[in-house]
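# Structural characterization, general
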Amino acid sequence: MKLFEKIPNPREIRRKLGLNQQEFWSRIGVTQSGGSRYESGRNMPKPVRELLRLVHVEQVDLSQVRREDFEIVEYLKETHPDLYKSLRKAVRAKLENQQEGSEAVA
């Protein structure tokens, strides 16, 4: 899913994760009632949509992300683009293998 891409129905994402509205929406700083409105079709602001994508689709633990991490990534992209691409490819392969392994267990 690309940055700022339209999120499919957030209710479907929440249900697939097995979370109630309070658990799901509070992880991105949205009240349960606000989340309910988004699930009912109300337009979701870009920042909320992006937080939903990062936390619930990409499974990023925001409590672990630091500004320095972004600075390191940008530095690596600028000064060693080939290494950045290689590392990115390796991480994607690792995630795909983990996903295939968890699907085989299920």
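Below or above, wherever it landed, is the structure these notes cover. (Residues numbered from 1 in each chain as written. Predicted model: local features only at pLDDT ≥ 70, side-chain atom pairs only at ≥ 80, totals over all residues. Heavy atoms only, no water.)

For the rest of this paragraph, the subject is the overall build of the protein chain. Helix and strand counts for the protein chain come out as 6 helices and 0 strands. Walking the protein chain from its N terminus toward its C terminus, one meets helices and strands in the order α-α-α-α-α-α. Here the C-alpha coordinates of the protein chain stretch approximately 45 × 35 × 25 Å along the principal axes. Evaluated residue by residue, the protein chain yields a buried proportion of 23% over its 106 residues. Across the protein chain, every contact between residues at least 6 apart in sequence was considered, and the portion connecting residues at least 24 apart equals 48%. Carbon and sulfur atoms form 52% of the exposed surface of the protein chain, whose accessible area is close to 8200 Å². (Helix = DSSP H or I, 4+ residues; strand = E, 2+ residues; numbered from the N terminus. Buried < 20%, exposed > 50% of the residue type's maximum accessible area, 1.4 Å probe, protein only. Contact = heavy atoms within 4.5 Å. Areas by Shrake-Rupley, 256 points an atom, 1.4 Å probe, with all protein chains shown as cover.)

Summed over all chains, the structure comprises 2 aromatic pairs. With a centroid separation of 5.0 Å and an interplanar angle of 85 degrees, the aromatic rings of phenylalanine 24 and tryptophan 25 are classed as edge-to-face. Comparing phenylalanine 24 with tryptophan 25, the two get one shared label, buried. (Phe/Tyr/Trp six-rings, centres within 6.5 Å; stacked < 30°, edge-to-face > 60°.)

Scanning the model with the defined rule gives 6 salt bridges in all. A salt bridge links arginine 53 to glutamate 50; the nearest nitrogen and oxygen atoms lie 2.3 Å apart. With arginine 53 and glutamate 50 both in helix H4 (residues 46-57) and 3 residues apart, the pair spans about one turn of that helix. Per residue, the accessibility class of arginine 53 equals that of glutamate 50, and both read buried. Three or more residues joined by partner-sharing salt bridges are found here, namely Arg11, Arg14 and Glu39. (Salt bridge = Lys/Arg side-chain N within 4 Å of Asp/Glu carboxyl O.)

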